[in-house]
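Residue-level structural notes
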Amino acid sequence: QQQVKQSPQSLIVQKGGISIINCAYENTAFDYFPWYQQFPGKGPALLIAIRPDVSEKKEGRFTISFNKSAKQFSLHIMDSQPGDSATYFCAASIPGSARQLTFGSGTQLTVLP
Amino acid sequence: NAGVTQTPKFQVLKTGQSMTLQCAQDMNHNSMYWYRQDPGMGLRLIYYSASEGTTDKGEVPNGYNVSRLNKREFSLRLESAAPSQTSVYFCASRSRGMNEQFFGPGTRLTVL
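Secondary structure summary: chain B contains zero helices and 11 strands in total. In chain B, the succession of α and β elements from N to C terminus is β-β-β-β-β-β-β-β-β-β-β. In terms of overall dimensions, chain B has C-alpha extents of about 40 × 25 × 25 Å along its principal axes. Burial statistics for chain B: of 112 residues in total, 49% are counted as buried. Residue pairs in contact within chain B that sit at least 24 positions apart in sequence constitute 55% of those at least 6 positions apart. When the accessible surface of chain B is totalled, it reaches about 5200 Å², and 49% of it is carbon and sulfur.

Here is the structure:
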């Protein structure tokens with residue numbers, strides 16, 4: 001059972017454009033929603049994260065929009081650059097000592113020069 | 001500060017062989033995790049250790065065992081490898097009270 005659904009599977013954007021990746025979750029107990037960025041041959045690294053008590057969080061060119069009632073959240077990459085080409089994963093976790101992450105299926109982003 | 005390290009980087013096994021994937025972290029983190037990454041399926045949690053001395057099953061534990069050797073090290077063992085276990089395996093760690101998990105560089109395993 002996939003508790004976090006991510007779309008699209010792949011995305012091609014021109015340099016300078018806006019990249020948007022969407023995720024939807026089912027478990028209302030989730031209280032932490034990170035986005036991870038992964039380059040080929042590397043492990044995932046935290047990009048930006050949000051808690052459900054805020055509707056938006058911005059860090060540089062990266063913004064998370066969060067809609068608690070719809071159980072959806074999205075990553076927006078403004079002014080996309082070729083260096084942003086990577087795989088992006090949304091995730092969610094529930095409170096507790098282990099803080100296990102449930103990941104979406106990933107989006108492969110290609111930014112054309 | 002090496003962060004999270006994993007060995008080996010690559011491994012090829014034959015069906016039925018056994019092996020242990022090693023993971024170590026030097027950040028004094030309490031929690032450690034093992035994930036597998038397969039195309040189109042994201043990362044799925046195999047086992048985790050919330051703190052030294054405890055281990056628990058994740059989403060896909062069948063065919064695997066783990067050992068939290070000490071606070072630094074968390075190993076994953078395949079007793080009898082199967083082609084379905086061909087995957088990229090990632091270890092991660094997290095500090096108590098913090099949410100961010102830090103990932104290692106991964107082990108690419110092929111089972112023939």
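Moving on, there is more to tell.
The next subject is the sheet that holds strand β1 (residues 4–7) of chain A. Residue and element names in this part refer to chain A. In spatial order, the strands read β1-β3-β8-β7-β6; together these five strands make up an open sheet with antiparallel pairing. Two strands lie at the open edges of the sheet, namely β1 and β6 (56–59), each paired on one side alone. Ignoring strand direction, the axes of neighbouring strands in this sheet form an average angle of 15 degrees.

Now for the packing of aromatic side chains. Under the definition given, this model contains 18 aromatic pairs over all chains. Among the aromatic residues, ring-to-ring pairing joins A:Tyr36, A:Phe89, A:Phe103, B:Tyr33, B:Tyr35, B:Tyr48 and B:Phe103 into one connected group.

All names here are of chain B. Spatial strand order, β1-β3-β8-β7: four strands in an open sheet with antiparallel pairing. Strands at the two margins of the open sheet, each flanked by one partner only, are β1 (4–7) and β7 (64–68). The mean inter-strand angle of the sheet, taken between neighbouring strand axes irrespective of direction, is 20 degrees.

Quick look at the pattern of salt bridges now. Scanning the entire structure with this criterion turns up seven salt bridges over all chains. A:Arg51 serves as the salt-bridge partner of A:Asp31, at 3.4 Å between the closest nitrogen and oxygen. One end of the pair, A:Asp31, is in the loop between β3 (19–25) and β4 (33–38); the other, A:Arg51, is in the loop between β5 (45–50) and β6, with 20 residues separating them in the sequence. A:Asp31 sits in the buried class, given a relative accessible area of 16%. B:Arg77 is the salt-bridge partner of B:Glu79, the closest N and O atoms lying 3.1 Å from each other. A relative accessible area of 44% places B:Glu79 in the partly exposed class. Through salt bridges with shared partners, a single network forms among A:Asp31, A:Arg51 and A:Arg99.

Further remarks concern the state of the cysteines. One pass over the structure, following the stated rule, counts two disulfides over all chains. With its sulfur 1.9 Å from that of its partner, A:Cys23 forms a disulfide with A:Cys90. What sets the handedness of the A:Cys23 and A:Cys90 disulfide is the S-S torsion sign, and at about -95 degrees it is left-handed. Placement of the pair is A:Cys23 in strand β3 and A:Cys90 in strand β9 (residues 86–93), with a sequence separation of 67 residues. Both residues of the pair, A:Cys23 and A:Cys90, belong to the buried class. Across the disulfide, B:Cys23 is cross-linked to B:Cys91 (sulfur-sulfur distance 1.9 Å). Between B:Cys23 and B:Cys91, the S-S torsion sits near -70 degrees, and that sign places the bridge as left-handed. With B:Cys23 in strand β3 (residues 19–25) and B:Cys91 in strand β9 (residues 87–94), this pair connects stretches of sequence that are 68 residues apart.

For the largest pocket, the calculated volume is near 660 Å³. Considering the residues around the largest pocket, the lining is formed by 30 residues, among which A:Gln38, A:Pro40, A:Gly41, B:Gln37 and B:Arg108 are closest to the centre. For the lining of the largest pocket, the elements supplying multiple residues, two or more each, are β9 and β11 (107–112) of chain A together with β9 and β11 (107–111) of chain B. Sort the elements by how many residues they give to the lining of the largest pocket and β11(A) lands first, with four residues. Grouping the constituent residues of the lining of the largest pocket by class yields 11 nonpolar, 15 polar and four charged.

On to the interface of chain B and chain A, then. Reports of interface size often rely on the accessible area that becomes lost once the parts have come together. Contacts between chain B and chain A engage 19 residues on the former and 18 residues on the latter. Three residues stand out in chain B for area buried against chain A, namely B:Leu43, B:Asn99 and B:Phe103, and they jointly supply 33% of the buried area on that side. Counting across the chain B and chain A interface gives zero salt bridges. The interface formed by chain B and chain A contains seven residue pairs in polar contact (both at pLDDT 80 or more). Only β4 (31–37), β5 (43–49), β9 and β10 (101–103) of chain B provide two or more residues apiece to the side of chain B that touches chain A. In terms of residues, the side of chain B that touches chain A owes the most to one element, β4(B), which gives four residues. Residue composition of the side of chain B that touches chain A, by class: 10 nonpolar, seven polar and two charged.

Rules and cut-offs
Residues numbered from 1 in each chain as written. Chains lettered and ligands numbered in written order. Predicted model: local features only at pLDDT ≥ 70, side-chain atom pairs only at ≥ 80, totals over all residues. Heavy atoms only, no water. Helix = DSSP H or I, 4+ residues; strand = E, 2+ residues; numbered from the N terminus. Buried < 20%, exposed > 50% of the residue type's maximum accessible area, 1.4 Å probe, protein only. Contact = heavy atoms within 4.5 Å. Areas by Shrake-Rupley, 256 points an atom, 1.4 Å probe, with all protein chains shown as cover. Pairing = 2+ DSSP bridges. Axes fitted to C-alpha atoms, helices over the stretch in contact; angles between N-to-C directions. Phe/Tyr/Trp six-rings, centres within 6.5 Å; stacked < 30°, edge-to-face > 60°. Salt bridge = Lys/Arg side-chain N within 4 Å of Asp/Glu carboxyl O. Disulfide = S-S within 2.5 Å. 1 Å grid on protein atoms, 1.4 Å probe; cavity = no way out; pocket = protein on both sides within 12 Å on 5 of 7 lines; lining within 4 Å. Points joined across faces, edges and corners; volume = space filled by probe spheres on them. Nonpolar A, V, L, I, M, F, W, Y, C, P; charged D, E, K, R; others polar. Buried area = accessible area lost by both parts, 1.4 Å probe. Polar contact = N/O pair within 3.5 Å; in protein donor to acceptor, adjacent residues only side chain to side chain.

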